[in-house]
Amino acid sequence: MSFSELFDSEFKARNKGHFSAIVRVATADGAMSKEEKEFLDKLAVRLEISPAEYEEILENPLKYPINPPYLHAQRLERLYDLSRMVYADHILGPKQKEILTKFALALGFTPGNVKFIVEKAMSLLMLNVDLDTFVYEMTHMNK
């Protein structure tokens, strides 16, 4: 196996783990809304999840290991990506904050701070900030 094939397979496995974690969050309340399904459809395309993999993950999201980000900066980067997807397409309408809150909790942000984190993330996205600015602002939001 070449180095590039190894990198591609690790990248693919990480994407599957990330996608399965998001599916778990979307189905945590026992049902998946139409808006959540549409969001997952778009996310699968962005993460290069094939239709067969998509169906397999929906059927059994526990099959793939979650690769949770250990570092706070990595959690912020994932929150940035998820927030941009939620906000950019406007596919969740009034449920944007609710869905983003679920994702933030799944990423490891604490329930006591998640409301403030989601509010700040949404306000930064409305300003169309880049990743570096997002991470800086989120890191320094209490100062």
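Anything mentioned here points back to the structure above.
Described below are features of the structure shown in this document. Source: prediction; values computed, not measured. (Residues numbered from 1 in each chain as written. Predicted model: local features only at pLDDT ≥ 70, side-chain atom pairs only at ≥ 80, totals over all residues. Heavy atoms only, no water.)

### Describing the packing of helix α6 (residues 114-126) against helix α7 (residues 131-139)
Two packed helices can be described by the angle between their axes and the distance between those axes.
Phase 1 of the analysis: Two elements in contact, α6 and α7, have axes whose closest approach is 10 Å; the angle formed by their N-to-C orientations is 145°. For the pair α6 and α7, the sense of crossing is right-handed. In this structure, α6 uses Ile117, Lys120, Ala121 and Leu124 to contact α7, whose residues at the interface are Phe134, Glu137 and Met138.
Phase 2 of the analysis: Grouping the constituent residues of the contact of α6 with α7 by class yields five nonpolar, no polar and two charged. (Axes fitted to C-alpha atoms, helices over the stretch in contact; angles between N-to-C directions. Helix = DSSP H or I, 4+ residues; strand = E, 2+ residues; numbered from the N terminus. Left-handed = near helix turned anticlockwise from the far one by under 90°. Contact = heavy atoms within 4.5 Å. Nonpolar A, V, L, I, M, F, W, Y, C, P; charged D, E, K, R; others polar.)

### Remarks on the pattern of salt bridges
Phase 1 of the analysis: Throughout the structure, instances matching the rule amount to six salt bridges.
Phase 2 of the analysis: The salt bridge partner of Glu38 is Lys34, with a shortest N-O separation of 3.8 Å. Taken as a pair, Glu38 and Lys34 lie in helix α2 (residues 34-46) at a separation of four residues, close to a single helical turn.
Phase 3 of the analysis: Judged by its relative accessible area of 30%, Glu38 is partly exposed.
Phase 4 of the analysis: Given a relative accessible area of 63%, Lys34 falls into the exposed group.
Phase 5 of the analysis: With a closest N to O distance of 3.0 Å, Asp41 and Lys37 form a salt bridge. (Salt bridge = Lys/Arg side-chain N within 4 Å of Asp/Glu carboxyl O. Buried < 20%, exposed > 50% of the residue type's maximum accessible area, 1.4 Å probe, protein only.)

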